[in-house]
Amino acid sequence: MAAVVVEGVGIEGIVTVVPPVTVLFKTDAKRLGIEAGQAQRISETVGLQERRVVSNGVTALDLGELACIELIKGLNTKPTNIGFMIFVTQTPDHRQPCNAAILHGRLGLDNSVGALDVNLGCSGYIYGLYLAATMIKSLGKDVLLVVGDTLSTQVNPLDRSASILFGDAASATLLSARENEKMYFDMCTDGAGFESIIVPAGAARMPSSYETGVDREDDEGNIRALDDLKVVGGEVFNFAVRTEPKAIKQLLEFCEKSLEDVDMFFFHQANKYILRTIAKRLAVPSAKIPDSIITKYGNQSSASIPCTINESLDADGQQRLSVLSGFGVGLSWASVLCNLNLKYCPSPINWSKTHE
Amino acid sequence: MNKQEFILELTEIMMLDDVLVESTELGSLSAYDSMTHLTLLSLFEDEFGKEIETEDLKKAKTIAHLVSLAGLD
C-alpha cells in the first residue's frame, strides 16, 4: 500500500514474555547429526546459540496473558481505559474461537471491548500497530496489541533447516492518544510467494489426516510432514534482503527523513546474516541495528521486534526516532517510523507456572 | 573481486583448510550446503550485481560453474 501517516497516537509501553526452557544450539546440532564444522558455520552465520521454547502445553495465549497483566500493572493503567484488543498469532489455542476473545475473558475486560485475531507472522507486529493506531483515532480509547507464537511446536524436530531456528514468545503493547506524535506506516504483500513459508495441511484446503502426518524427506535431507511448518530458506533470504532495504528507503522518503536521522532500527530477528546483509545494503552502522535476539531466544516470529525493543531500551525518558520493520509469511513486509519514548519497557520476562 | 579472490572467498565461506580449485566438484564438499547457498546469494548480488536463486547454485557442478555464474570466466 502507499505509505500513510497516523497522527496523534503513540506507544506507551511494551512487555515481552519468554518461556523459561532453553534449548542449546549444540543440543539441536547433536540431535540432528550436524557435524561440528557445519554446526560452527551455522552458529556463526545465523547467530544461533540458544532458543526459548514452551513446554507442558503452554501456548502463545498463556505467554500473552502474562505480558498483558505485567504491562497493565507496569503502566499503572486501568483495563477500563482499553477500547479494543488485537491478538496477532499463527498459533492460536483453537481454530475457533480466536485468542483475543479468550484473552478478553481471562483479563476480565468489559463487554464493550472489541477483540479480534490477525493471522500474520513476522510482519504482524507492524500490521497490528497500524490497526491499533487507526482504532485509537476512531475509538478515543487505548488499544492493547498482543503478538506471539509458539512456532517451536509447528516444526518437525527432524527438519534440519527449521527446527533449529524458532523460539517462542509473546508481547503486549499499549497504544494511546498522544498529542504531536506521528506514526508513518508502509505495509506490503507479495501473495505469489505464499508457499515460501507455509503449513500446507491442517486447515480447509488440506485437512489433517493420517497422510498429512507422515514424515517425508526433501532433496536437502530435511524431514517434515504436511502438517509441519515449511520454510524455503533461499527464497525467504532473497525476499528479505531484496525488499527490506528498498522498503526502508521508500518509507524514509515519504517521511522526508534520512537514514542518519533514525536513531535505531528494530528489525524482525530472522537471522543474523539477513540483518547484516540488510545493514550493509542500507549502509547503516550495525550499532543502530540490534541483532542479539536470535542468539539469545531464537526467531520469535511476530514477537521478535517488541522483544528486541525490550532487550535494547529502558523507560529512560529519552525519545528515539526508530524504524520498526518486519518481513515474512505471506509473503508480507511492513515498516513504521515513530518516536519511541516508552513509559514502561522492562527486559523480557520469564514465564512461570505461578502466573497460571 | 577477481577470479582468484572469488575462489579464496569461497574457501573461507565454507571454512575449508585446502584452497579450492576450479575443477573441485561441489558434490564432494559437505560444506556446500544451504547455509553456504545463503552466503553466496548475497555475495553474487553485492559483489557482482547478479540476482541468482538457490536453484542456480544447486545446478552448479564445480567451482568453475560458480566462477561462470559470477561472470569471472
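Owing to the predicted nature of the structure, the values given are computational and were not obtained by experimental measurement.

**Q** Please set out the overall build of chain B residue by residue, giving values where relevant.
**A** Across its full length, chain B carries four helices and zero strands. Here the C-alpha atoms of chain B give a radius of gyration of 11 Å, agreeing with the 11 Å that 2.2 N^0.38 yields for 73 residues. Here the C-alpha coordinates of chain B stretch approximately 30 × 25 × 20 Å along the principal axes. Residues counted as buried form 30% of the 73 residues belonging to chain B. Considering only intrachain contacts with a sequence separation of at least 6, the fraction spanning at least 24 residues in chain B is 48%.

**Q** With reference to specific residues and values, describe the overall build of chain A.
**A** Across its full length, chain A holds nine helices and 15 strands. Here the C-alpha atoms of chain A give a radius of gyration of 19 Å, agreeing with the 21 Å that 2.2 N^0.38 yields for 356 residues. Each of the three principal axes of chain A carries a C-alpha extent, and together these read 55 × 45 × 35 Å. Looking at chain A as a whole, 51% of its 356 residues qualify as buried.

**Q** Any details on unusual backbone geometry? Residues and values, ideally.
**A** With glycine set apart, most residues show a phi of negative sign, and most peptide bonds adopt trans. Residue and element names in this part refer to chain A. Backbone torsion omega between glutamine 96 and proline 97 reads -5 degrees, so that peptide bond is classified as cis. By the element assignment, proline 97 lies in the loop between β4 (82–88) and α4 (99–107). A cis amide bond links glycine 330 with the next residue in sequence, leucine 331, at an omega value of -5 degrees. Residues other than glycine seldom take positive phi values, yet asparagine 76 does so here, at roughly 55 degrees. Relative to the elements of secondary structure, asparagine 76 occurs in the loop between α3 (60–75) and β4.

**Q** Summarise the pairing of strand β7 (residues 169–189) of chain A; cite the residues concerned and give the values.
**A** Residues and elements named next belong to chain A. Inspection of the sheet shows strand β1 (residues 4–18) paired to β7 by 12 bridges, in the antiparallel sense. If you follow valine 6 over to β7, its bridge partner there is methionine 183. The sheet contact formed by strand β6 (residues 142–149) and β7 spans seven bridges and is antiparallel. Looking at the pairing, glycine 148 lines up with alanine 170 of β7.

**Q** So what's going on with the environment of A:Glu7? Residues and values would help.
**A** Tracing the backbone shows A:Glu7 in strand β1. In this structure the C-alpha to C-alpha distance between A:Glu7 and A:Asp261, which are 254 residues apart in sequence, comes to 19 Å.

**Q** Tell me about the nonpolar core, residues and numbers included.
**A** Core analysis: the biggest nonpolar cluster contains 125 residues, and A:Met85, A:Ile86 and A:Val146 have the highest contact counts within it. Those residues in contact with A:Met85 that lie beyond four places of it in its chain are A:Ala100, A:Leu103, A:His104, A:Leu109, A:Val113, A:Ala115, A:Leu144 and A:Val146.

**Q** Run through the environment of B:Ala60, naming residues and quoting values.
**A** Residue and element names in this part refer to chain B. With respect to the element layout, alanine 60 can be found in the loop between α3 (54–59) and α4 (63–69). Residue alanine 60 is classed as partly exposed on the basis of its 18 C-beta neighbours within 10 Å. Between the C-alpha atom of alanine 60 and that of leucine 26, which follows or precedes it by 34 residues, the distance is 7.5 Å. In contact with alanine 60, other than residues within four places in its own chain, are Leu26, His65, Leu66 and Leu69.

**Q** Tell me about the interface of chain B and chain A, and name the residues and values.
**A** Contacts between chain B and chain A engage 14 residues on the former and 15 residues on the latter. Ranked by the residues each element gives to the side of chain B that touches chain A, the list is headed by helix α2 (residues 34–48) of chain B, at eight residues. Its residues assigned to classes, the side of chain B that touches chain A shows five nonpolar, six polar and three charged.

**Q** Before we move on, could you go through helix α6 (residues 233–255) of chain A and cite the residues and values that matter?
**A** All names here are of chain A. Helix length check: α6 (23 residues) gives 32 Å between terminal C-alpha atoms against 33 Å at 1.5 Å per residue, within 8%. Largest kink in α6: about 25 degrees, centred on threonine 243, with the proline proline 245 one to four residues after it. The positive-phi residue at the C-terminal boundary of α6 is glutamate 256, with phi of around 55 degrees.

**Q** Tell me about the packing of α6(A) against α2(B), and name the residues and values.
**A** Two elements in contact, α6(A) and α2(B), have axes separated by 10 Å at closest approach and are oriented at 25 degrees. Viewed along their axes, α6(A) and α2(B) adopt a mutual orientation that is roughly parallel. In this structure, α6(A) meets α2(B) at a crossing whose hand is right-handed. Taken together, the residues of α2(B) that come into contact with α6(A) (itself represented by A:Gly233, A:Gly234, A:Phe237, A:Asn238 and A:Val241) are B:Ser34, B:His37, B:Leu38, B:Leu41 and B:Ser42. Here the contact of α6(A) with α2(B) is composed, by residue class, of four nonpolar, six polar and no charged.

**Q** So, the confidence of the model for chain B: which residues are in play, and what are the values?
**A** Residue and element names in this part refer to chain B. Taken as a whole, chain B shows an average pLDDT of 89; of its residues, 100% reach a score of 70 or greater. The spread of mean pLDDT over the elements of chain B runs between α2, the lowest at 88, and α4, the highest at 93. Listed scores for the predicted complex are pTM 0.91 and ipTM 0.72.

**Q** Run through the packing of α3(A) against α4(A), naming residues and quoting values.
**A** Residue and element names in this part refer to chain A. Where α3 meets α4, the closest approach of the two axes is 10 Å, and the angle between their N-to-C directions is 45 degrees. When the axes of α3 and α4 are compared, the pair comes out oblique. Every pair of crossing elements has a handedness; the one defined by α3 and α4 is right-handed. Contacts from Leu61, Gly64, Glu65 and Cys68 of α3 reach α4 at Asn99, Ile102, Leu103, Arg106 and Leu107. The class makeup of the residues in the contact of α3 with α4 is five nonpolar, two polar and two charged.

**Q** Hey, could you go over α2(B) for me, with residue numbers and the actual values?
**A** Residues and elements named next belong to chain B. In this model, α2 (15 residues) spans 20 Å end to end at C-alpha, consistent with the 21 Å of a helix rising 1.5 Å per residue. Of the residues making up α2, those classed as buried are Met35, Thr36, His37, Leu38, Leu40, Leu41, Ser42, Leu43 and Phe44. Within two residues after α2, glycine 49 carries a phi angle of roughly 65 degrees, on the positive side.

Criteria and thresholds
Residues numbered from 1 in each chain as written. Chains lettered and ligands numbered in written order. Predicted model: local features only at pLDDT ≥ 70, side-chain atom pairs only at ≥ 80, totals over all residues. Helix = DSSP H or I, 4+ residues; strand = E, 2+ residues; numbered from the N terminus. Rg over C-alpha atoms; globule rule 2.2 N^0.38 Å. Buried ≥ 20, exposed ≤ 12 C-beta atoms within 10 Å, placed from the backbone. Contact = placed C-beta atoms within 7 Å. Pairing = 2+ DSSP bridges. Core = buried A, V, L, I, M, F, W, Y, C linked by C-beta atoms within 7 Å. Nonpolar A, V, L, I, M, F, W, Y, C, P; charged D, E, K, R; others polar. Expected span 1.5 Å × (residues − 1). Bend = angle between axes of the 7 residues up to and from the residue. Axes fitted to C-alpha atoms, helices over the stretch in contact; angles between N-to-C directions. Parallel < 35°, antiparallel > 145°, perpendicular 65-115°, else oblique. Left-handed = near helix turned anticlockwise from the far one by under 90°. pLDDT = per-residue confidence, 0-100.

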